[in-house]
Structures are given as structure tokens and as C-alpha cells.
Amino acid sequence: DSGVTQTPKHLITATGQRVTLRCSPRSGDLSVYWYQQSLDQGLQFLIQYYNGEERAKGNILERFSAQQFPDLHSELNLSSLELGDSALYFCASSTGGFTDTQYFGPGTRLTVL
Amino acid sequence: AQSVTQLDSQVPVFEEAPVELRCNYSSSVSVYLFWYVQYPNQGLQLLLKYLSGSTLVKGINGFEAEFNKSQTSFHLRKPSVHISDTAEYFCAVTLPRGGFKTIFGAGTRLFVKA
């Protein structure tokens, strides 16, 4: 158990819909990262937040957005969903930035029908 | 453009044999290098990382990796594997300049046979 929790574990929705994925970091960690893992595109870094502020951005689509709240939990919002958005979405946390060890959550499996 | 190539998609090996999982990267700037392991139905776990300094990096579970700047490689090795090492292994590169962009390799499936 990494100490990072993600909800929900599974999510099934239809094209065009909007969903929110939630992540609670390990106690004391200030950074949260979001990743997407799909068969087509492999593992991709989406975005990082540090203590409430966006710190680094990867291959995140404009239809996707994220935020980190004062209690340090984070949400990833995916809108206008397409079939190709079906993937595992992982959240990770670390004490500081990219040089620190990231601890990954179990992931949310999103299926878009 | 930066890229990460894991040269083997699958590596079958017998238990207690040595293994090397190969990773090459392409970058014109300095990078941070990582190896992660993913067990079935789980998230990633960091095995080891190279940030600077000694080119031989030791990680968890008996794994080590060597950074070779001239060959732009970061191969992962273990002298004696166990059945429990069966998993997917990912090499990753983070660019400390230019927004900490992180790129993953496609993964190598290590299958340890009894």
C-alpha cells in the first residue's frame, strides 16, 4: 500500500460525458502527479501540482483539467469524452518535485462506451 | 525531440539467472533517469533513479542500473531473478529544464520461469 488513494476504482461512461477522478496523496506529500496509461499511447505524464499550484505540464489535452485543493487532494476532470480516452489514470504523490520518489496510487480505470 | 526506447518488449528468463533490461534515450540536454516496475493490476513503483553523480545506481529488490552518457543508455540489471520479479518494467526520462517533461518507454515484460 503506497498510501495514495484514488477513487473511483472503475468508471464506465458514454462519449461526450464529463467525469472527475479523485486522488488523495500520502500524508505530508505536497506534490501530486497525474498519468494516463493506455494500450495505444502507453504511459504519459499529464500534469503536476505542488501545494496547490500547477508546476509542470505534459501531454494533457485541453478537454482535461486538474486542480489541487487546500487539503492537498487533487481532482482530474475529463470532459467531452471520446472512446480513445479509455485508459488507466494514475495519481502519484511526492514530498517535493521530480527528484523525489513518487508513490503511485492503484489507478482509476475509465471505460468510455 | 526527446524519446525513450526500451529495446525488448518481452524478456523471458529462468529463475536465478541474470537479466538485463535495456533502455536508450535521446536528448540534447541533461536528464533525470528512472526505472519503474508495475505488477499486475497495480500502480508503478520506483526501482531506482539517476539524478547526478555516480553512474552506477542501486535500487530496491536487488536491481541496479548504469548510466552511460556517451551511449545515452540506462540499462537495468539484476544478477539473479526470482519468480516474483515477473512484471512490466518502464524506463523514464525527465527533463529538468523545459518544464520537467517526463517521457516513458513502452515497457519491457519480464517473465521469470521456474
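An account of the accompanying structure is given in this report. All of these numbers come straight from a predicted model, not from anything done at the bench. Within each chain, residue numbers correspond to sequence positions counted from 1 in written order. For naming, the first written chain is A and the first written ligand is 1, with later ones following in the order written. With the structure being a predicted model, the display of local features is reserved for residues of pLDDT at least 70 and the display and counting of side-chain atom pairs for 80 or more, all residues being used for whole-chain, interface and lining totals. Note: side-chain values were computed over all heavy atoms of the structure, leaving out hydrogens and water.

**Focus: the overall build of chain B**
Logical step 1: Looking only at helices and strands, one finds zero helices and 12 strands in chain B.
Logical step 2: A run of H or I in DSSP becomes a helix once it reaches four residues, and a run of E becomes a strand once it reaches two; helices and strands are each numbered from the N terminus. When the elements of chain B are put in sequence order from the N terminus, they spell out β-β-β-β-β-β-β-β-β-β-β-β.
Logical step 3: Only C-alpha atoms enter the radius of gyration; for comparison, a globular chain is expected to reach 2.2 Å times N to the power 0.38, where N is the number of residues. The globule rule puts the C-alpha radius of gyration for 114 residues at 13 Å, and the 14 Å found for chain B is close to it.
Logical step 4: Based on the C-alpha atoms only, the size of chain B along its principal axes is roughly 45 × 30 × 20 Å.
Logical step 5: Buried positions account for 47% of the 114 residues belonging to chain B.
Logical step 6: Throughout, a residue-residue contact means that at least one pair of heavy atoms, one from each residue, lies within 4.5 Å. Contacts in chain B between residues at least 24 apart in sequence constitute 54% of all its contacts with a sequence separation of at least 6.
Logical step 7: To be clear on the numbers: accessible area is Shrake-Rupley with a 1.4 Å probe, and residue cover counts the displayed protein chains and nothing else. A total of about 5600 Å² of accessible surface is found on chain B, and carbon and sulfur atoms cover 50% of it.
Logical step 8: Of the charged side chains in chain B, 10 are positive and 8 negative; the average position of the first set lies 10 Å away from that of the second. The rule is simple: take the accessible area with a 1.4 Å probe, protein chains only, and divide by the maximum for that residue type; under 20% is buried, over 50% is exposed, in between is partly exposed. Working convention for charge: Lys and Arg count positive, Asp and Glu count negative, and His plus the chain ends are omitted. Charge positions come from single atoms, namely NZ of Lys, CZ of Arg, CG of Asp or CD of Glu.

**Re the pattern of salt bridges**
Logical step 1: Salt bridge, as used here, is a side-chain nitrogen of Lys or Arg placed within 4 Å of a carboxyl oxygen of Asp or Glu. Enumeration over the complete set of coordinates arrives at nine salt bridges over all chains.
Logical step 2: Its salt-bridge partner being A:Arg26, residue A:Asp29 comes within 2.9 Å of it at the nearest N-O pair.
Logical step 3: In this structure, the salt-bridge partner of B:Glu64 is B:Arg77, at a minimum N-O distance of 3.7 Å. Residue B:Glu64 is found in strand β8 (residues 64–68), and its partner B:Arg77 is found in strand β9 (residues 73–78); the two are separated by 13 residues along the sequence.
Logical step 4: Since its relative accessible area comes to 26%, B:Arg77 is described here as partly exposed.
Logical step 5: The structure contains a network of salt bridges with shared partners spanning B:Glu20, B:Lys58, B:Glu64, B:Glu66 and B:Arg77.

**With respect to the pairing of strand β6 (residues 44–50) of chain B**
Residues and elements named next belong to chain B.
Logical step 1: Across the seven residues of β6, five count as buried, placing the element largely inside the fold.
Logical step 2: Where strand β5 (residues 32–38) lies against β6, six bridges are found, and the strand directions are antiparallel. Considered in β6, the bridge of Leu 33 is made with Tyr 50.
Logical step 3: Strand pairing is assigned whenever DSSP detects at least two bridges linking the two strands. In sequence, β5 turns back onto β6 through a hairpin of five residues, with Asn 41 there showing a positive phi of about 60°.

**Some words on the state of the cysteines**
Logical step 1: Count a disulfide wherever a pair of cysteine sulfur atoms falls within 2.5 Å. Considering all chains together, one arrives at two disulfides over all chains under this definition.
Logical step 2: Covalently, A:Cys23 is tied to A:Cys91 through a disulfide, its sulfur atoms 1.7 Å apart. On the S-S bond that ties A:Cys23 to A:Cys91, the torsion sits near -45°, and the link is left-handed. Taken together, the residues A:Cys23 in strand β3 (residues 19–24) and A:Cys91 in strand β9 (residues 87–94) connect sequence positions 68 residues apart.
Logical step 3: Assessed through its relative accessible area of 0%, A:Cys23 is described here as buried.
Logical step 4: The disulfide bridge from B:Cys23 ends at B:Cys91, spanning 2.0 Å between sulfur atoms. Residues B:Cys23 and B:Cys91 are joined through a disulfide that is left-handed, its torsion about the S-S bond being -65°. Placement of the pair is B:Cys23 in strand β4 (residues 23–26) and B:Cys91 in strand β10 (residues 87–94), with a sequence separation of 68 residues. With respect to class, B:Cys23 is no different from B:Cys91; both count as buried.

No statement about biological role is implied by the geometric values presented.
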